[in-house]
Amino acid sequence: MNEAYNVAQKIDVEIRKLTDIYIELIFKNVPLPILNALRRIIQLEVPVMAIDEVIFYENSTVLYDEIIAHRLGLIPLRSEEALDKYGPPEKCIKCMESYYAEASEEAVERPSSKDCENCFIYIRGSVENLDEEELKTFYSGDLLSDDPDVVPVYKEIPIVILGPHQRLSFDAKARLGRGIEHSKFSPVSVAGVRYVAEISTNSLDDTNLKDAEKCLEYCPVKILEISYEDKKILVKDPYECILCMQCVKRCPENSIKISYRKDQYILFFESVGQLSIRKILLTAIDIFINKIDYLLQQIKEMR
Amino acid sequence: MIIPVRCYTCGYPIGRHWEEFKKRIEKGEDPKKVLDDLGIKRYCCRRILLSHVPLIYEVAYYKRKV
């Protein structure tokens, strides 16, 4: 068995950076494919709320109905509580009219209105610009939601700008969905796994000490330093290294060597705002465990 | 035409920064400083604000009367 894939080794997770919307985690002794699966689940399988269907009653603005509907769909809606309140995306997609436009009518059975009870909520909007000359902006904060838990996360996104005497009114249906279906349902903007650098430095002699000093300026993340006492290049934080190899190319031969570690990886992602970082990670791990259980069960049945 | 709700490339909700960005640029501030203050790090998001032409402020007046 490959050394790096030995599960018996102790798995360790460490938080490297954490803000309200961004996290970087160092995973030790976790195989890369497992981490990548987790990353893909975070991006594509964690459900969030978004507007999916819009009914326009009046629109005399300069933007077409379709453009406004698209813009409404992209607005992040708070989904922290909604995950437990509303039905799963697989069931609820059948409660949408647009689903039947693509699928042939006979092939799918329409759910009854009782089945769709906990599937979507209405978000309404109506504005009129009464002014004779001034323009009026309609913001995401002006949307009225039937559920106080599902409201736009950011109040200051302009949806449309109305000229004098223009009017807009619509009802929109919001539901849970997954990133696989449309990226407006993705809870993260960036999600990635990257390698951790293993940097080894050799001692320098007096002749190439000056060259080494110059070459360190090429490091884009500025993690290299020179120690004149030891006549060596020092590494401040190997986790910052982006493995660009500029220092290897520019520095005196054999003074610095860079490779990547096979037992450590960094998982990072940035939330769009619908869910907290914690909720995204926990939901993703839940989905991951369910998938593995399903796989095990299927294998058992095959025997 | 109108500021996109999200960054085309990464999906960051960029539209919410538009009003503040516009106000500060019109005052004559350096766009680089404003973008840094707003916390927009990636160049995919920065170009959306930097290169945006807000035509809707002119077009909104020219609508056929209904």
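Here, residues in each chain are numbered from 1, in the same order as that chain's written sequence. Here every chain gets a letter starting at A, and every ligand a number starting at 1, in the order they are written. Local features in this predicted model are restricted to residues whose pLDDT is 70 or higher, and side-chain atom pairs enter the listing and the counts only when it is 80 or higher, whereas totals over whole chains, interfaces and linings include all residues. The basis for every side-chain value is the complete set of non-hydrogen atoms in the structure, without hydrogens or water.

**Focus: the state of the cysteines**
Residues and elements named next belong to chain A.
And then number 1: Two cysteine sulfurs form what is called a disulfide whenever their separation falls within 2.5 Å. By the definition in use, this model includes three disulfides over all chains.
And then number 2: Here Cys-95 engages in a disulfide with Cys-116; their sulfurs sit 1.9 Å apart. Residues Cys-95 and Cys-116 share a disulfide whose torsion about the S-S bond is about -90 degrees; that sign makes it left-handed. Of the two residues, Cys-95 sits in the loop between α4 (89-92) and α5 (97-102) while Cys-116 sits in the loop between α5 and β4 (120-128), which places them 21 residues apart along the sequence. One exposure class covers both Cys-95 and Cys-116, and it is buried.
And then number 3: With a sulfur-sulfur separation of 2.0 Å, Cys-215 is cross-linked through a disulfide to Cys-251. On the S-S bond that ties Cys-215 to Cys-251, the torsion sits near 75 degrees, and the link is right-handed. Of this pair, Cys-215 sits in helix α6 (residues 206-215) while Cys-251 sits in the loop between α7 (246-250) and β12 (256-271), placing them 36 residues apart in sequence. Comparing Cys-215 with Cys-251, the two get one shared label, buried.
And then number 4: Listing the disulfide partners of chain A by sequence rank of the bonded cysteines yields 1-4, 2-3, 5-6. Helix and strand definitions here come from DSSP, where helices need a minimum of 4 consecutive H or I residues and strands a minimum of 2 consecutive E residues; each element is numbered from the N-terminal end. For each residue, the accessible area found with a 1.4 Å probe, counting protein chains only, is set against the maximum for its type, and the residue is called buried under 20%, exposed over 50%, and partly exposed in between.

**Some points on the packing of helix α2 (residues 31-38) of chain B against helix α3 (residues 43-50) of chain B**
All names here are of chain B.
And then number 1: The N-to-C vectors of α2 and α3 enclose an angle of 125 degrees; their axes lie 11 Å apart at closest approach. The angle between the axes of α2 and α3 places the two elements in the oblique class. Remark: the crossing between α2 and α3 carries right-handed chirality. Residues Pro-31, Lys-32, Leu-35 and Asp-36 of α2 form the contact with α3, whose participating residues are Arg-46, Leu-49 and Leu-50. Note on definitions: angles span 0 to 180 degrees between N-to-C directions of axes, and those axes are lines fitted to C-alpha atoms, for helices only across the stretch in contact. Each angle is binned into one of four classes, with values under 35 degrees roughly parallel, values over 145 roughly antiparallel, values of 65 to 115 roughly perpendicular, and all other values oblique. Two helices crossing with the near one rotated counterclockwise from the far one by less than a right angle form a left-handed crossing, whereas a clockwise rotation gives a right-handed crossing. Residue contacts are defined here by distance: any two heavy atoms, one from each residue, within 4.5 Å place the two residues in contact.

**Remarks on unusual backbone geometry**
Phi is mostly negative for residues that are not glycine, and the peptide bonds are mostly trans.
All names here are of chain A.
And then number 1: Despite not being glycine, Asn-29 shows a phi value in the positive range, around 60 degrees.
And then number 2: Along the polypeptide, Asn-29 turns up in the loop between β2 (22-28) and α1 (32-44).
And then number 3: Overall, Asn-29 belongs to the buried group, its relative accessible area being 16%.

**So, the pairing of β2(A)**
All names here are of chain A.
And then number 1: Burial within β2 is extensive, with seven of its seven residues counted as buried.
And then number 2: Side chains Tyr-22, Glu-24, Ile-26 and Lys-28 of β2 all project onto a buried face; the interleaved residues Ile-23, Leu-25 and Phe-27 project onto the opposite face, where all are buried too.
And then number 3: A pair of strands counts as paired when DSSP detects no fewer than two bridges linking them. Strand direction decides the pairing type here: strand β1 (residues 12-18) and β2, joined by six bridges, are antiparallel. Across the sheet, Leu-18 pairs through a bridge with Ile-23, a residue of β2.
And then number 4: The turn joining β1 and β2, which pair antiparallel and follow one another in sequence, is formed by three residues.
And then number 5: Bridge analysis of β2 against β12 gives seven bridges, and the strand direction is antiparallel. Across the sheet, the residue bridging to Glu-24 is Phe-268, located in β12.

**Quick notes on the sheet that holds β2(A)**
Residues and elements named next belong to chain A.
And then number 1: The strand order across the open sheet built from four strands is β1-β2-β12-β9, with neighbouring strands paired in antiparallel fashion. Among the strands making up the open sheet, the edge pair consists of β1 and β9 (188-201). Neighbouring strand axes in the sheet, compared pairwise and without regard to direction, differ in orientation by 30 degrees on average.
And then number 2: Against the sheet, helix α8 (residues 277-302) contacts β1, β2, β9 and β12, and its axis sits at roughly 105 degrees relative to β12.

**With respect to the side chain of Ser169(A)**
And then number 1: Here Ser169(A) lies in strand β8 (residues 167-177).
And then number 2: Residue Ser169(A) is classed as buried on the basis of its relative accessible area, which comes to 17%.

**Description of the domain arrangement of chain A**
And then number 1: Each domain's extent was defined by an automatic or database domain assignment. In terms of domain boundaries, chain A breaks down into domain 1 (2-45 + 190-269) and domain 2 (48-186).
And then number 2: The centre of domain 1 of chain A, based on its C-alpha atoms, is set 43 Å off from the matching centre of domain 2 of chain A.

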